[in-house]
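# Tertiary structure, described
Here's the letter readout for the chains.
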Amino acid sequence: MLLLPAILTLRDEIQAKYEYRTVPRVGAAGGIATPQAAYAAFAMGADYIVTGSVNQACVEAGASDHTRNLLAQAGMTDVIMAPAADMFEMGVKVQVLRRGTMFGPRALKLYELYSRYGSVEEIPQDEREKLEKQIFKREIDAIWADTVQFFMERDPKQIERAQADPRQKMALIFRWYLGLSSRWSNSGEKGREMDYQVWCGPAMGAFNDWVRGTYLESPENRHVVDVAMQLLTGAAYFSRLSQLSTFGIEPSPALKHYTPDNPF
């Protein structure tokens, strides 16, 4: 949202110069999970909005029931930054759910070990045992064998690099856990609930606060089209309230809130 005014100004400058038949449209995304946030984006000049976290808990997300239930209980502070599987070596992080899963702390532990040691063999024996028993739940040698088989079928150069660089080998072993954790979350892998990687931002908690006590509190009632319509309807509602306020009409406190209407 911080960049939106600057982007809109740049768009207007480009439009004035090239005079496109259709003016380029600029949307807004990030943290939009309530009608107030949607209205704020439109009030700033956004032509459209894109939601993210709120869709994760919807039926169409393809996540397991366990994962969607966790998301429906999340608060705004129930998130943590954890290493990204595809950019692990660069230290890139993504926001994930903290409540109900240990993935975040465990993934951070892997990156700590990767930063401290030059190879798997350098990891102290007690730390290695903790990895195998508490996080991987498999022996590291077995994980490496699966990793070799995986990349030999898809990208053999990854194995060539790992054989020449022990630290890269360690990264691929750690990425085995990071990569599978999101799949476990989607499929509902039994016994791996504490390792589920669930992508989520604070917006999920804001949405849960808004819909608490309504039919949308239950994850089985959350459908992406309905959620989008409720957000847009609420944004229109707050836009009308703003207009009334401009005209000097102050609504009663009871009218200053928009509650999702049950469509059923």
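For the structure, see preceding data.
Computed from a prediction, not measured in an experiment: that's the story for all the values here.

With that out of the way, let us pick up the nonpolar core. In this structure, Leu131, Phe136, Ile173, Phe174, Tyr177 and Phe207 are the most contacted members of the largest nonpolar core, which totals 55 residues. Residue contributions to this core peak at 10 residues, all from helix H9 (residues 166-187). In contact with Leu131, not counting residues within four places along its chain, are Leu110, Leu113, Ile123, Phe136, Lys137, Ile140 and Phe174. By size, the runner-up hydrophobic cluster in this structure holds 10 residues, among which are Val26, Ile32, Ala41 and Ala46.

With that out of the way, let us pick up unusual backbone geometry. Residue Glu19 is not a glycine yet carries a positive backbone phi of 50°. Following the sequence through the fold, Glu19 ends up in the loop between helix H1 (4-18) and strand S1 (27-29). One non-glycine residue, Lys137, lies in positive phi territory at about 60°. Positionally, Lys137 belongs in the loop between helix H6 (125-136) and helix H7 (140-154). Of the residues examined, Lys137 reaches a relative accessible area of 41% and is grouped as partly exposed.

This paragraph deals with H9. Relative to the 32 Å expected for 22 residues at 1.5 Å per residue, H9 spans 32 Å between its end C-alpha atoms, a close match to the ideal helical length. Two to three positions downstream of the cap, the backbone nitrogen of Arg167 sits 3.1 Å from a side-chain oxygen, assigning the N-cap of H9 to Asp165. Immediately downstream of H9, the backbone of Gly188 shows phi near 75°, a positive value.

Time to look at a nonpolar patch on the surface. A cluster of nonpolar side chains, contributed by Leu10, Ile14, Tyr18 and Tyr20, occupies part of the molecular surface with about 390 Å² of accessible area. Owing to a relative accessible area of 40%, Tyr20 belongs among the partly exposed residues under this scheme.

Next up on the list: the pairing of strand S3 (residues 79-83). Regular strands place their side chains on alternate faces of the sheet. Within S3, 4 of the 5 residues are buried, which leaves it mostly tucked inside the rest of the structure. Note that S3 and strand S4 (residues 93-97) share 5 bridges and pair antiparallel. Counterpart to Ala82 in the pairing with S4 is Val94.

The full count for this structure, using the stated rule, is 16 aromatic pairs. A ring pair is formed by Tyr18 and Tyr20, whose centres lie 5.8 Å apart and whose planes are at 25°; its orientation type is stacked. Owing to a relative accessible area of 48%, Tyr18 belongs among the partly exposed residues under this scheme. With 5.7 Å between their ring centres and 45° between their planes, Tyr237 and Tyr258 make a pair best called tilted. Placement of the pair is Tyr237 in helix H11 (residues 224-246) and Tyr258 in the segment after H11, with a sequence separation of 21 residues. One aromatic cluster is present, formed by Phe88, Phe103, Tyr111, Tyr114, Phe136, Phe174, Trp176, Tyr177 and Trp184 through successive ring pairs. The ring centre of Tyr114 lies 3.9 Å from the NZ or CZ of Arg167, which sits over that ring.

The next subject is the side chain of Thr34. For Thr34, the location among the structural elements is in the loop between S1 and helix H2 (35-43). In this view, Thr34 contacts Ala206, Phe207, Trp210 and Leu231; residues no more than four positions away in its chain are not counted.

Any two packed helices are characterised by the angle at which their axes cross and by the distance between the axes. One way to put it is that H2 packs onto H11 with a least axis distance of 8 Å and a crossing angle of 65°. With respect to their mutual orientation, H2 and H11 come out roughly perpendicular. For H2 against H11, the interelement crossing comes out right-handed. Residues Pro35, Gln36, Ala38, Tyr39 and Phe42 of H2 form the contact with H11, whose participating residues are Gln230, Leu231, Leu232, Gly234, Ala235, Phe238, Ser239 and Ser242. Split by residue class, the contact of H2 with H11 holds 8 nonpolar, 5 polar and no charged.

We now examine the pattern of salt bridges. A complete count under the given rule lists 17 salt bridges for this structure. A salt bridge links Lys109 to Glu127, with the shortest nitrogen-to-oxygen separation between them at 3.4 Å. With Lys109 in helix H5 (residues 103-116) and Glu127 in helix H6, this pair connects stretches of sequence that are 18 residues apart. Across the pair Lys137 and Asp195 runs a salt bridge, and its minimum N-O distance is 3.4 Å. Here the residue Lys137 occupies a position in the loop between H6 and H7, and Asp195 occupies one in the loop between H9 and helix H10 (203-211), the gap between them amounting to 58 residues.

Conventions used here
- Residues numbered from 1 in each chain as written.
- Predicted model: local features only at pLDDT ≥ 70, side-chain atom pairs only at ≥ 80, totals over all residues.
- Heavy atoms only, no water.
- Core = buried A, V, L, I, M, F, W, Y, C linked by side-chain atoms within 4.5 Å.
- Buried < 20%, exposed > 50% of the residue type's maximum accessible area, 1.4 Å probe, protein only.
- Helix = DSSP H or I, 4+ residues; strand = E, 2+ residues; numbered from the N terminus.
- Contact = heavy atoms within 4.5 Å.
- Expected span 1.5 Å × (residues − 1).
- Polar contact = N/O pair within 3.5 Å; in protein donor to acceptor, adjacent residues only side chain to side chain.
- Patch = residues over 30% accessible without salt bridge, like charges linked within 9 Å, V, L, I, M, F, W, Y side chains within 5 Å.
- Areas by Shrake-Rupley, 256 points an atom, 1.4 Å probe, with all protein chains shown as cover.
- Salt bridge = Lys/Arg side-chain N within 4 Å of Asp/Glu carboxyl O.
- Pairing = 2+ DSSP bridges.
- Phe/Tyr/Trp six-rings, centres within 6.5 Å; stacked < 30°, edge-to-face > 60°.
- Lys NZ or Arg CZ within 6 Å of the ring centre and 35° of its normal.
- Axes fitted to C-alpha atoms, helices over the stretch in contact; angles between N-to-C directions.
- Parallel < 35°, antiparallel > 145°, perpendicular 65-115°, else oblique.
- Left-handed = near helix turned anticlockwise from the far one by under 90°.
- Nonpolar A, V, L, I, M, F, W, Y, C, P; charged D, E, K, R; others polar.

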